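# A closer look at the structure
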Amino acid sequence: MERVNLLGIDIDKYTFDEAIEYAKSKKGQVVTINPEMIDYAAKNAEFASIIKNAELVIPDGIGVQLGLKILGHNIKRIPGIEFAKRLIAELEGRPVALIGAKPNVIQKAVENLKNEYPNLNLVYVHDGYFEDTDKILDEVCAKEPELVLAALGSPKQEEFIYRLKKMLPDTLMIGVGGSFDVWSGEVERAPQIYQKLWLEWLYRTLKEPKRFKRIFPALPLFVLKVLKEKWS
Ligand code: UDP
């Protein structure tokens, strides 16, 4: 499958359904890429290498979809939260591990997921605030999950998965950012209208003003960088 390059990062051109099928057959690491991660990869070679080695890189947010469009690629974004939910649904019954978020958040997310997917087979659940990463990696590994969702924020979740992938090469793993917060009911996802108008980032910023400093300048700056690349 063809990959397209956006500011040094190769992104897969799959549609949502194709990406699901590919992820299920290929296994390994799925990275849901956004402008902040692309910026970080430009500064951190190790992180760039993790993305380069990922089995699947999907365009998570509207910033990446817009950037690709500027470069002439019409690729629809694949929201990581929806992608992960589909994997849970399609692999219902298979062993799954969830790692991340605050203890009360993951607990609520698990309750809600179990209600939605009665045959969900959770073999390992842990919050994302641990000191001893080696211990968590060993514990997950011992449970031999087929699907691992890590919600540790970026780059922590990608680094965690990269290490785990070496221990469990036949497992499908994806970093899901703030998805557990949404599934727990603690954080609301932007209403459809914001999603349709490409303003999900604005909604999240309004709800969580501390994100403003991080997110707001990032998006226009990212677009400027892409334009610069296009014109250079
Ligand atoms: N998180 C975690 N451990 C950490 C840092 C963050 O489990 O050491 C969780 C956090 O509780 C949240 C998720 O990672 O559930 C995503 O965090 P954030 O919103 O900062 O990341 P983003 O979604 O913006 O990448």
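Our subject in this report is the structure included herewith. Every value quoted in this text rests on a predicted model; they were computed, and no experiment measured them.

For Val226, the position within the fold is in helix α13 (residues 218-231). By relative accessible area, which is 0% here, Val226 ends up buried. Between the C-alpha atoms of Val226 and Leu7, which are 219 residues apart in sequence, the distance is 6.8 Å.

Between helix α4 (residues 62-70) and α13, whose axes approach to 9 Å, the crossing angle comes to 20 degrees. On the basis of their axis angle, the class for α4 and α13 is roughly parallel. Judged by the twist between their axes, the crossing of α4 over α13 is right-handed. Facing Gly63, Val64, Leu66, Gly67 and Ile70 of α4, the residues of α13 in contact are Leu219, Phe222, Val223, Val226, Leu227 and Lys230. The residue makeup of the contact of α4 with α13, split by class, is eight nonpolar, two polar and one charged.

Let's shift gears to the packing of aromatic side chains. According to the stated counting rule, one finds six aromatic pairs in the structure shown. Both rings, one in Phe130 and one in Phe160, keep their centres 6.0 Å apart while their planes meet at 50 degrees; by these two values the pair is tilted. You can see Phe130 sitting in the loop between β6 (121-126) and α7 (133-143) and its partner Phe160 sitting in helix α8 (residues 156-167), a full 30 residues away along the chain.

Burial runs high along strand β3 (residues 28-33): six of the six residues are buried. Note: β3 against strand β8 (residues 172-175), three bridges, orientation parallel. Bridge pairing in β8 places Gly28 opposite Leu172. One ladder, built from four bridges, connects β3 with strand β4 (residues 56-59); its direction is parallel. Looking at β4, one finds that Thr32 is bridged to Ile58.

Turning next to the sheet that holds β3. The six strands are arranged β4-β3-β8-β7-β5-β6 in an open sheet whose pairing can be described as parallel. With one partner strand each, in any of the chains shown, β4 and β6 form the two edges of the open sheet. Put simply, the sheet's adjacent strands are angled 15 degrees from each other on average, direction ignored. Most of the contacts of helix α5 (residues 80-90) go to strand β7 (residues 147-151), to which it runs at about 150 degrees, and overall it touches β3, β4, β7 and β8. Along the sheet, α7 makes contact with β5 (95-100), β6 and β7, crossing β6 at roughly 175 degrees.

A separate point is the nonpolar core. Phe83, Leu149, Phe180 and Trp183 are the most contacted members of the largest nonpolar core, which has 33 residues in total. The set of elements that each furnish at least two residues to this core consists of α1 (16-26), β4, α5, β5, α6 (103-116), β7, β8 and α9 (179-184). Excluding residues that lie within four positions of it along the chain, Phe83 makes contacts with Phe16, Ala19, Ile20, Ala23, Val30, Leu56, Ile58, Ile78 and Ile174. One finds Leu7, Ile9, Met37 and Ile51 within the second-largest nonpolar core, a separate group that totals 21 residues.

Right, let's talk about helix α3 (residues 45-52) for a bit. Turning to α3, its buried residues are Phe47, Ile50 and Ile51. On an axial view of α3, the arc spanned by its buried residues comes to 95 degrees, and they lie on one face. Turned more than 90 degrees from where α3 packs its buried face, Ala45, Glu46 and Lys52 sit exposed. Among the structural elements, β2 (9-12), β3, α2 (35-43), β4 and α8 are those in contact with the buried residues of α3. A side-chain oxygen of the first residue of α3 lies 3.0 Å from the backbone nitrogen of Glu46; this N-cap is Asn44.

Helix packing geometry: the angle between the two helix axes and the distance between the axes. One can describe the packing of α7 onto α8 by two numbers: an axis separation of 10 Å at closest approach and a directional angle of 45 degrees. The angle between α7 and α8 places the two elements in the oblique class. As α7 packs across α8, the resulting crossing turns out to be right-handed. Across from Thr133, Asp134, Ile136, Leu137, Asp138, Val140 and Cys141 in α7, the residues of α8 making contact are Phe160, Arg163, Leu164 and Met167.

Attention now moves to the pairing of strand β1 (residues 3-6). Only one face of β1 is buried, namely the one carrying Val4 and Leu6, since none of Arg3 and Asn5 on the opposite face is buried. Where β1 lies against β2, four bridges are found, and the strand directions are antiparallel. Bridging across to β2, Leu6 finds its partner in Ile9. Connecting β1 to the antiparallel partner β2 that follows it, the hairpin turn spans two residues, and Leu7 within it adopts a positive phi of roughly 45 degrees.

What counts and how
- Residues numbered from 1 in each chain as written.
- Predicted model: local features only at pLDDT ≥ 70, side-chain atom pairs only at ≥ 80, totals over all residues.
- Heavy atoms only, no water.
- Helix = DSSP H or I, 4+ residues; strand = E, 2+ residues; numbered from the N terminus.
- Buried < 20%, exposed > 50% of the residue type's maximum accessible area, 1.4 Å probe, protein only.
- Axes fitted to C-alpha atoms, helices over the stretch in contact; angles between N-to-C directions.
- Parallel < 35°, antiparallel > 145°, perpendicular 65-115°, else oblique.
- Left-handed = near helix turned anticlockwise from the far one by under 90°.
- Contact = heavy atoms within 4.5 Å.
- Nonpolar A, V, L, I, M, F, W, Y, C, P; charged D, E, K, R; others polar.
- Phe/Tyr/Trp six-rings, centres within 6.5 Å; stacked < 30°, edge-to-face > 60°.
- Pairing = 2+ DSSP bridges.
- Core = buried A, V, L, I, M, F, W, Y, C linked by side-chain atoms within 4.5 Å.
- Arc of directions from axis to C-beta.
- Polar contact = N/O pair within 3.5 Å; in protein donor to acceptor, adjacent residues only side chain to side chain.

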